[in-house]
Amino acid sequence: MKALLTTTAALACLATGALAQQITVGAANVSSYLDPGRDHSNVGSQFYYNTFDTLIGKNHDSIEADWQPALATEWTMIDPLTMELKLREGVTFQNGEDMTADDVVFSLNRMYQATFPPYQVRSKDRLANFAEAIKVDDYTVQVKVEREEPLWETLLNLQQVMIIPEDYTKALSGDPQVAEDGDFEAFSLAPVGTGPYAVSEFVPGEKVVYTRYDGFWGDKAPLEQATVIRIPETASRITALKTGEADIITNVAPDQLGLIDADANLKTEGSATALFHVMIMNVNHPALEDPRIRRALSLAIDRDTLNEALWYGKAIVPSTHTMAEMGALHQPDLVTFEYDPAEAKRLLDAAGYDGTEITFDTDPVYYTNGLLAAQAIVEMWSEVGVKGRVNTTSTWSGSSPDLMVRNWSNPMYFADPFGSFGVMWAPNGPSEGEGRFNTDAEYAEIWDRFRFSSDVEARKAAYAELMERIKDNPPVLPLYRPYESWAMRKGVNWAPKPGHIPYVLDFRAGSISLADS
Amino acid sequence: MVDVTQTPVERGAIATLWTEANTIQKIAALIGLALVLLAVLAPLIAPFDPLKQSLIARLRPPVGFERHKPGFWLGTDELGRDVLSRSLYGLRLTLMLALLGASIGLLLGGTLGLVAGLRRGWTEDAIMGAVDLQIAVPFTLIALLILSIFGSTLPVMVAVLGIAGWEQYARIVRAEVRRITELPFIEAARASGGPPRYIALTHVLPNIVSPLVVQFTLALSNIVILESTLSFLGLGVQPPTATLGSMVGYGRDYMPTAPWMVIVPALMIILLTFSVQILGDWLRDRADVRLRSR
């Protein structure tokens, strides 16, 4: 009898241990597809790092550019336009296939020489300089660029060039020897990578289940399983955490932090995310064509008060479009955006503002504090005589010619000014492509110097010139780097790492542990 | 002279109504009257502009609690706006939307019911088919569809609330018209050569006012709840304009930390619907001779 009881107790302990290696995350949003190549959304960036690897890795404990071997163990420049990378041997995908140079070339060229329209968008906005990847042997590849590239490692560490299996992907639809659009569509619903967790279940927009992949080439994943479920309502997410339905919840508004911190079983973690909440203004809208009107709309906004009131002072209000993560390219001394209501009034008078109603579009929930900030901004506009109105809409209005002003975000897709401002406000980039921003030959020439100069000081000087252009004729105002918070039960040791792009849910070894496992 | 002779009669009718009402009906009437007065007088009695923000005074509790800001009796909301002022203006707008919506429903449904009852034939079939269709589909879904297509502007909102209950009016009016047109005095009017429109307006309509008034009252509370539901879902009147429903909707994330943001408008919704529902039942009971003695 004693032996039976002892065995039962031991089994119960083991069972508890096994259960404790599982967590559930209540997320505000879950992607409708999972493909690191086509995705660059704030929602999607949560999901890829657990399942996929890049050729060149990064130490995410630091904001410095501390590059680490990942799927490539070494990389060298063999001429100014070609990098050669030695691939790690013995790496397998989560479906059991070996990873070789064929997979790497396939993965890179699907972006560098994109034919699938969603890849073409990402290829154009950040990978346009990359010509092709070439197989040298089974474990050696070469990557070629059009012009000398100052950001080699950075752009081989991108989410968009994470490695996927060639044979598996091509066989998903149609001809198994040919990469077709249907293959990539199918892949986005059944993704496979080389990372420490396989996506074992994916319900688009609702649920992602990660299961530990024991064949992972690196350190063993600490969790047996992690389930991310969508709980869009803040109050519901907090309730799920309190009742134990979720172990971690995302996107906790600053107003809710006190409530969670007051619970002895819960805690919060947060950081000023590497992303700007921005206000964009349609430079081509008839009411906003005069840059003085847009400058006034920008100068009327007291961002420090927004920070104090809505973020309890924890957000970071920038003087220009720059972030500390950008290392040598970080230029906090530039003053591009200011609060000056008197100057705003003067500019409105000079421009002959006639009281036209300016609408500020915002999604009701997508950005933490987004609707509150929109209402506060419209009130600040009224202080300088601008008639504003908040238009709550779940539809993206950024490409509409009727757009006047709306909120948006400029994430840091990679740690360089090119990875934030440079992507969003490039000549023929997403903003100009949507018809709400114009560039000219002079802007393109400055942007080119900023993008391709090999000398850091030359890049900084060119970036400062771009900021002057933006100051004089503003299409955007970075409001702040929001302080994003996650809440969890006390037994979960997890926090966002400073070296990641925004919102990454990193459950790899060294990133999460459970006190009760 | 006319006024002088009529006043005692009206006073007598109201006094009789009051005397015959039970305690709950009296309480409901007083609550309803108080709410209407608060709504009408909102611009005069609200202590602050309901849209005026004070970001440094966000989420302050009502009087009597720690961190209360003097003057803001019921506290402030997530943008530092006065909850009392917003509640009063919200009540005013909610009541206005409900009255407009119920009136549009009454006009639309009443007219179509009248036409169906008098014209018969394919006209009646078409109208009653539309009535059946609307009854078959949950109206909240229809409202969500309309608001997502046409946007959540005030005119669209009024239109949505207006078509929310027209089918009930149409059914009641058609049934009443069919009943009344069989009565001898209508036959007499027809025999004396009265045109259909004259008969409809002069003889039929006055005799169906009573059930319409009852339905109007009942529809009012349903529309208040519908407006609150749509606003709660973020599809109603857009911020910063306050309705009772939108105040509850946007305040729901603050329920654990700043419950006063939700309690006051929610209480007003409850009192308003309670009051209107009880008064509607009361009027229905009085209009129906079979229920009057109960």
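These remarks concern the structure in this document.

Thresholds applied
- Residues numbered from 1 in each chain as written.
- Chains lettered and ligands numbered in written order.
- Predicted model: local features only at pLDDT ≥ 70, side-chain atom pairs only at ≥ 80, totals over all residues.
- Helix = DSSP H or I, 4+ residues; strand = E, 2+ residues; numbered from the N terminus.
- Rg over C-alpha atoms; globule rule 2.2 N^0.38 Å.
- Contact = placed C-beta atoms within 7 Å.
- Pairing = 2+ DSSP bridges.
- Axes fitted to C-alpha atoms, helices over the stretch in contact; angles between N-to-C directions.
- Nonpolar A, V, L, I, M, F, W, Y, C, P; charged D, E, K, R; others polar.
- Parallel < 35°, antiparallel > 145°, perpendicular 65-115°, else oblique.
- Left-handed = near helix turned anticlockwise from the far one by under 90°.

Some thoughts on the overall build of chain A
So, point 1. A count of helical and extended segments in chain A gives 16 helices and 20 strands.
So, point 2. Taking 517 residues into account, the globule formula puts the C-alpha radius of gyration at 24 Å, and chain A, at 24 Å, falls close to it.
So, point 3. For chain A, the spread of C-alpha atoms along the principal axes amounts to about 90 × 60 × 40 Å.
So, point 4. Of the contacts made within chain A by residues no fewer than 6 positions apart, 69% connect residues no fewer than 24 positions apart.

Concerning the sheet that holds strand 13 (residues 275-281) of chain A
The strands that make up a sheet are held in pairs by hydrogen bonds between backbone atoms, and each pair lies either parallel or antiparallel.
All names here are of chain A.
So, point 1. Strand order in the open sheet made by the five strands is 15-14-16-13-17, with mixed pairing throughout. Since the sheet does not close on itself, it has two edges, and those belong to strand 15 (388-392) and strand 17 (476-480), each with one partner. Averaged over all pairs of adjacent strands, the angle between strand axes in this sheet comes to 35 degrees, irrespective of strand direction.
So, point 2. Looking at chain direction, strand 13 and strand 16 (residues 405-411) are connected through seven bridges and run antiparallel. In the sheet register, L275 faces strand 16, and the bridge partner there is P411.

Some details on the sheet that holds strand 6 (residues 130-137) of chain A
All names here are of chain A.
So, point 1. What the four strands build is an open sheet, ordered 4-5-7-6; its pairing is antiparallel. Because the sheet does not close on itself, it has two edges, and the strands there are strand 4 (72-79) and strand 6. The mean inter-strand angle of the sheet, taken between neighbouring strand axes irrespective of direction, is 20 degrees.
So, point 2. Contacting strand 5 (82-87), strand 6 and strand 7 (140-145), helix 2 (residues 101-112) crosses the sheet at an angle of about 170 degrees to strand 6.

A word on the interface of chain A and chain B
So, point 1. At the junction of the two partners, chain A supplies 18 residues and chain B supplies 17 residues.
So, point 2. Counting residues per element, the ones that place at least two in the side of chain A that touches chain B are helix 7 (234-243), helix 8 (254-261), helix 10 (303-311), helix 12 (370-383) and strand 15 of chain A.
So, point 3. Residue composition of the side of chain A that touches chain B, grouped by class: nine nonpolar, seven polar and two charged.

Quick word on the packing of helix 4 (residues 83-119) of chain B against helix 11 (residues 209-232) of chain B
Residues and elements named next belong to chain B.
So, point 1. The contact between helix 4 and helix 11 brings their axes to 8 Å, and the two run at 130 degrees. Here helix 4 lies oblique to helix 11, going by the angle between them. Taken as a pair, helix 4 and helix 11 cross one another with a handedness that is right-handed. For the pair formed by helix 4 and helix 11, the contact residues are T94, L97, A98, G101, A102, G105, L106 and G110 on the first element and L212, F216, A219, L220, I223, V224 and E227 on the second.
So, point 2. Residue classes in the contact of helix 4 with helix 11 are distributed as 10 nonpolar, four polar and one charged.

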